[in-house]
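One-letter residues, chain by chain:
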Amino acid sequence: MCGIVGYVGPRSAQDVVVDGLRRLEYRGYDSAGIALVGEGDEVVVAKKAGKLANLEKVLADEPVEVAHTGIGHTRWATHGPPNDPNAHPHRGCASRVAVVHNGIIENFADLRARLEADDHVLVSETDTETVAHLLEMQVASGEDLTVAMQRVCQMLDGAFTLVAVDAEDPDRVVAARRNSPLVVGVGEGEMFLGSDVAAFIEHTREALELGQDQVVTLTREGVEVTDFAGRPAEATRYHVDWDLSAAEKDGHDWFMRKEIFEQPRAVADSLLGRRTREGLLQLDEMRLSDDEVRSIDKIIIIAAGTSFYAGLVAKYAIEHWCRVPVEVELSSEFRYRDPILDYSTLVVAISQSGETADTLQAIRHARAQRSKVLAICNTNGSTIPRESDAVIYTHAGPEIGVASTKGFLTQLVACYLLALYVAQVKGTRFGDEIAEILQQLEAMPDHIQSVLDGAEQVYDLARQHVDTKSVLFLGRHAGYPVALEGALKLKEIAYLHAEGFAAGELKHGPIALIEQDLPVLCVVPPRGRDQLHEKMLSGIQEVRARGARTICLAEAGDERIRPYADELVALPQVPVLLQPLVSVVPLQLFACELATALGHDVDQPRNLAKSVTVE
Ligand code: M6R
């Protein structure tokens, strides 16, 4: 939610900052802006509502003087509509200080009233502008920008990443973070800041992970980190294990499509190195002792959106393999229901970005109740794994399309691994059973590839539905969350009414929605579970009898389904619990192609942002 970039060094700051914003645009695209510090005694600002392309046009029409220090912002609007005045950066009255911000300053109304009472003129409706005025007051009184930032942060409530520059101190960029992401890129004679490493990955792969409530000062020579009180603080240095090519489209029209096709590799990478020489499952980032794992008597999974659906799949696997009860809860709801937690409850937080504010607040609540928290996360150095007792990293590589795809599949892999690990430690499955499931998991990249090889059939189907106003998805058992995920994909990128249902629940109400030719995508369980398969067939017959057009995803060779399927998409034969890894793929392809045919921006759907860092 909002992308932030900062730079100090020998290059053109405009070029570095605008390139960084391009890579972060997926975090928000309501407006974009930059502030540059040059020779003059005012910070130069260019900003424009709408996508980054609008700002680039402004900069091409009215070029600004070359500068070597700058900051930039791409916005997902919270306070005030997405127009030019509300675009970041914001400046104080004298235009000496400019600031960009991600997050929400909860006490901004009080701060604003106090500033206005002191004759400050604020020109936007944002919470951020108050910070620019406060910083400017501090530097005008003789403090340097670092001290100014430390003091101002102590006045703020809420979540924020702030990055500021001062026209009278042109070789310094100062930033602060509380509950909102920020990483430093360490170069040779130059330093970078970004909401994530994608902002500077083409210049350096050396990064610093900042802690909570820290202020960082960047100059060409180095980086200094303090807490808000000005005491020296530590930041953790790490090497980013992917490069620029991972953050580019690689010949695809959309990042989303590229990421769908990367799934065999992403799943394989997420499985790598998980077995000891003796064949035992090992999760080396799991910092829970065997005794702690044995004492778990309940698991609560918390997550949002697609990650929540991964959690729903995990429930089937964990309960079946480990015989431990599992609750799955939306993180935004979790703390408000006063959940029953104690030291024997394991809370599993699933988050691709590792920054989702609802999930972060939920894990803080869980830890305050003495529960252990295990994070499943794709983003090294992000806040959620840092604040958890244990972490299983997924190895999807950067996910840039707003609609999660490879993030979801690799979360599923991590959930299966967690379930098997708990089963191994608790002894609820024999070693050979675990080894067999691991082998089945290791075969999944090839199965996913075979689904991708059939993409053209799904694309044809999608293109036949450009005039469709509504699509339903049906599933049972582990296929139910897949139906929910298929519907979410369609809603978020094709802007269609789409709903996923548990097939058995249809006759309790939703079947009234069925009308002539309504497309219903049905996720058919493998035949190994005869009861499940039979029940699903009944559900399909019921909707078809009422005029629905059924598009069935069923395993190859499933002849029983043929008479009831208007369209049949063949899936590889895999075990029922692992089927989501293959059955969701046609649904991702369907949504991507339909949104493309409808002329939508698939990677940057309206009103959304990739990582939701406000509650
Ligand atoms: O980064 P997270 O996994 O915590 O994000 C959770 C959701 O915001 C995310 O899955 C969202 O629903 C995606 N846009 C779905 O495609």
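It should be emphasised that the depicted structure is a prediction, and the values quoted were computed from it without experimental measurement.

### Considering the nonpolar core
Item 1. Core analysis: the largest hydrophobic core is formed by 97 residues, its most contacted members being W321 and L490.
Item 2. Inspection of this core shows a minimum of three residues originating in each of domain 2 (272-442) and domain 3 (449-597).
Item 3. Aside from chain neighbours lying at most four places away, what touches L490 is V471, F473, Y495, L496, A498, F590, A591 and L594.
Item 4. Grouped together as the second largest cluster of nonpolar side chains are 32 residues, V5, V16, L24 and L55 included.

### Focus on the packing of helix 15 (residues 444-453) against helix 19 (residues 580-597)
Item 1. As a packed pair, helix 15 and helix 19 sit with axes 9 Å apart at the nearest point and diverge in direction by 30°. As far as their axial angle goes, helix 19 and helix 15 are roughly parallel. Once helix 15 is placed against helix 19, the crossing between them reads as right-handed. Across the interface between the two elements, M444, H447, I448, V451 and L452 of helix 15 pack against L581, V582, V585, P586 and L589 of helix 19.
Item 2. Residues of the contact of helix 15 with helix 19, tallied by class, amount to nine nonpolar, one polar and no charged.

### Remarks on helix 3 (residues 108-117)
Item 1. Burial in helix 3 covers these residues: F108, L111, R112 and L115. What you see down the axis of helix 3 is that its buried residues fit within an arc of 100°, all on one side. Turned more than 90 degrees away from the buried face of helix 3 sit D110, R114 and A117, all of them exposed.
Item 2. Check the buried side of helix 3 and you find it contacts strand 6 (97-105) and helix 4 (128-140).
Item 3. Immediately downstream of helix 3, the backbone of D119 shows phi near 70°, a positive value.

### Description of the side chain of T356
Item 1. Inspection of the secondary structure puts T356 in the loop between strand 17 (345-351) and helix 11 (357-368).
Item 2. Take T356: its relative accessible area is 13%, and that puts it in the buried class.
Item 3. Looking at T356, its side chain comes within polar contact range of the side chain of S353, at 3.5 Å.
Item 4. Beyond its immediate stretch of four places on either side in the chain, T356 contacts A304, S351, I384 and V612.

### Let's talk about the domain arrangement of the chain
Item 1. Domain annotation of the chain identifies domain 1 (3-248), domain 2 (272-442) and domain 3 (449-597).
Item 2. For domain 2 and domain 3, the distance between their C-alpha centroids amounts to 27 Å.
Item 3. Between domain 2 and domain 3, the residue contacts involve 20 residues of the former and 19 residues of the latter.
Item 4. Between domain 2 and domain 3, roughly 1700 Å² of surface is buried when both sides are summed, and carbon and sulfur atoms account for 77% of that area.
Item 5. Contact with domain 3 buries area across many residues of domain 2, yet Y309, Y316 and L409 alone supply 33% of it, more than any other trio.
Item 6. Linking domain 2 to domain 3 there are zero salt bridges.
Item 7. Mapped onto the side of domain 2 that touches domain 3, the elements with two or more residues apiece are helix 9 (305-322), helix 13 (406-426) and helix 14 (431-442).
Item 8. Broken down by class, the residue content of the side of domain 2 that touches domain 3 amounts to 14 nonpolar, six polar and no charged.

Calculation criteria
- Residues numbered from 1 in each chain as written.
- Predicted model: local features only at pLDDT ≥ 70, side-chain atom pairs only at ≥ 80, totals over all residues.
- Heavy atoms only, no water.
- Core = buried A, V, L, I, M, F, W, Y, C linked by side-chain atoms within 4.5 Å.
- Buried < 20%, exposed > 50% of the residue type's maximum accessible area, 1.4 Å probe, protein only.
- Domains from an automatic or database assignment.
- Contact = heavy atoms within 4.5 Å.
- Axes fitted to C-alpha atoms, helices over the stretch in contact; angles between N-to-C directions.
- Helix = DSSP H or I, 4+ residues; strand = E, 2+ residues; numbered from the N terminus.
- Parallel < 35°, antiparallel > 145°, perpendicular 65-115°, else oblique.
- Left-handed = near helix turned anticlockwise from the far one by under 90°.
- Nonpolar A, V, L, I, M, F, W, Y, C, P; charged D, E, K, R; others polar.
- Arc of directions from axis to C-beta.
- Polar contact = N/O pair within 3.5 Å; in protein donor to acceptor, adjacent residues only side chain to side chain.
- Buried area = accessible area lost by both parts, 1.4 Å probe.
- Salt bridge = Lys/Arg side-chain N within 4 Å of Asp/Glu carboxyl O.

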